[in-house]
Amino acid sequence: MNAMKSLVILISGRGSNMESLLAAVSAGTLPARVAGVLSNRADAGGLATAAALGVPTRVVDHRAFADREAFDLAMAEAIDAFAPDLVVLAGFMRILGDGFVQRYAGRLINIHPSLLPAFPGLHTHRRALEEGVRIHGCTVHFVTPALDHGPVIVQAAVPVLDADDEASLAARVLAQEHRVYPLAVRWFAENRLRLKEGRALLDAPQDAGGALIAPFVPPAPPPLST
Ligand code: NHR
Ligand code: GAR
């Protein structure tokens with residue numbers, strides 16, 4: 001009846017967000033079970049990390065399929081073998097088709113490295129620097145067919161500094177990803193988060209438990225000496 005929720009995590013690379021979720025499970029701050037970790041790339045670094053922690057891993061190589069639909073179906077079958085309550089995209093780099101998204105409606109979430117709806121798609125940090133925005137961040141959202149446009153669950157903001165390059169900005173955002181993703185998954189695991197009529201409904205504190213990182217506020221400049 002009230003069994004602990006199980007997760008399947010989809011990755012394509014390093015898997016640091018996956019690691020932050022596994023760490024939260026270990027620490028007892030995320031009451032869920034990670035049933036499996038799936039990757040579309042056999043060389044994803046996160047696979048070794050997961051395996052070392054005793055989590056079952058599977059690879060579904062997108063290059064082995066004739067089209068996206070066939071890949072989506074194979075991925076869905078691999079996921080369903082674990083019968084998860086929630087499917088968590090964590091640095092997963094393949095766009096998923098409508099059929100896949102419908103199949104997991106309301107139980108498929110993603111973390112995106114920008115403050116959506118700004119900078120959907122790829123290379124978000126580079127584009128934020130090119131655009132000259134002063135505030136950047138990350139967004140956890142329910143996945144819908146419209147890429148990076150699903151209902152927002154939680155966001156964290158960070159300042160963009162004059163000295164930033166792509167790497168320094170990405171690192172600042174990533175530190176916040178590692179905070180907010182376990183938080184969002186925890187809300188789901190505790191039955192406090194759901195998708196309803198195209199909105200993310202959250203039964204959780206929305207101030208202290210929320211995720212607005214105070215942007216850098218510069219000290220007042222010294223008075224002009226004339
Ligand atoms: N699928 C749907 N339907 N909706 C979303 O919101 C999705 C999604 C699949 C992945 C993650 C997303 C991100 O957070 C995500 C959200 C991959 C691409 C992409 O262009 C874009 C956005 C995201 C993930 N992928 C290329 C493709 O052709 C491949 C790029 C590569 O392999 O490096 O699939 O940013
Ligand atoms: C993270 O910044 C994640 O938000 C982003 O890729 C990085 C993956 O890092 N996701 C996307 O860009 C999805 N298209 P990780 O593998 O260490 O979690």
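Engineer: Looking at this structure, how should I read the site of ligand 1?
Structural biologist: Close to ligand 1 lie 21 residues; Arg 68, Met 93, Leu 96, Asn 110 and Asp 148 are nearest. Between ligand 1 and Ile 95 there is a distance of 2.9 Å, counted from an oxygen atom to a backbone nitrogen or oxygen. Contact with the protein chains hides 85% of the accessible area of ligand 1, taken as 730 Å² for the molecule alone. The element that contributes the greatest number of residues to the shell around ligand 1 is strand β5 (residues 108–112), accounting for three residues. Each residue belonging to the shell around ligand 1 can be placed in one class, and the counts come to 12 nonpolar, five polar and four charged.

Engineer: Any chance you could explain the pairing of strand β8 (residues 193–196) here in plain terms?
Structural biologist: Side chains on a regular strand alternate between the two faces of the sheet. Sheet topology note: the β8/strand β9 (residues 199–202) ladder contains four bridges and is antiparallel. Bridge assignment links Leu 195 to a residue of β9, and that residue is Ala 200. In this structure, the hairpin formed by β8 and β9 is closed by a connection of two residues, where Glu 197 is found at a positive phi of approximately 50°.

Engineer: How should I be thinking about the sheet that holds strand β1 (residues 5–11) in this particular structure?
Structural biologist: Picture the strands of a sheet paired through backbone hydrogen bonds; they go either parallel or antiparallel. Pairing within the open sheet is mixed, and its seven strands lie in the order β3-β2-β1-β4-β5-β6-β7. Two strands lie at the open edges of the sheet, namely β3 (57–59) and β7 (152–159), each paired on one side alone. On average, each strand axis in the sheet is inclined to that of its neighbour by 20°, with strand direction left out of account. Pairing analysis gives four bridges linking β1 to strand β4 (residues 86–89), with the strands arranged parallel. For Leu 7, the partnering residue across the bridge sits in β4 and is Leu 86. Against the sheet, helix α2 (residues 45–52) contacts β1, β2 (32–39) and β3, and its axis sits at roughly 155° relative to β3.

Engineer: What is the right way to read the packing of helix α1 (residues 16–27) against helix α6 (residues 166–189) from this model?
Structural biologist: Two quantities define a packed helix pair, namely the angle between the helix axes and the distance between the axes. Two elements in contact, α1 and α6, have axes separated by 9 Å at closest approach and are oriented at 50°. Classified by the angle between their axes, α1 and α6 sit oblique to one another. Here the hand of the crossing between α1 and α6 comes out right-handed. Counted together, Ser 16, Asn 17, Ser 20, Leu 21 and Ala 24 of α1 and Leu 174, Glu 177, His 178, Tyr 181, Pro 182 and Val 185 of α6 form the full contact between these two elements. Across the contact of α1 with α6, the residue classes tally to six nonpolar, four polar and one charged.

Engineer: Help me out: how do you make sense of the site of ligand 2 in this one?
Structural biologist: The environment of ligand 2 is made up of Arg 14, Gly 15, Ser 16, Asn 17, Gly 91, Phe 92, Met 93, Ile 111, Pro 113, Leu 174 and Glu 177. Ser 16 places a polar side-chain atom, nitrogen or oxygen, 2.5 Å from an oxygen atom of ligand 2. Alone, ligand 2 offers 440 Å² of accessible surface; in the complex the protein occludes 85% of this. Here the residues of the shell around ligand 2 sort into five nonpolar, four polar and two charged.

Thresholds applied
- Residues numbered from 1 in each chain as written.
- Chains lettered and ligands numbered in written order.
- Predicted model: local features only at pLDDT ≥ 70, side-chain atom pairs only at ≥ 80, totals over all residues.
- Heavy atoms only, no water.
- Near = heavy atom within 4 Å.
- Polar contact = N/O pair within 3.5 Å; in protein donor to acceptor, adjacent residues only side chain to side chain.
- Areas by Shrake-Rupley, 256 points an atom, 1.4 Å probe, with all protein chains shown as cover.
- Helix = DSSP H or I, 4+ residues; strand = E, 2+ residues; numbered from the N terminus.
- Nonpolar A, V, L, I, M, F, W, Y, C, P; charged D, E, K, R; others polar.
- Pairing = 2+ DSSP bridges.
- Axes fitted to C-alpha atoms, helices over the stretch in contact; angles between N-to-C directions.
- Contact = heavy atoms within 4.5 Å.
- Parallel < 35°, antiparallel > 145°, perpendicular 65-115°, else oblique.
- Left-handed = near helix turned anticlockwise from the far one by under 90°.

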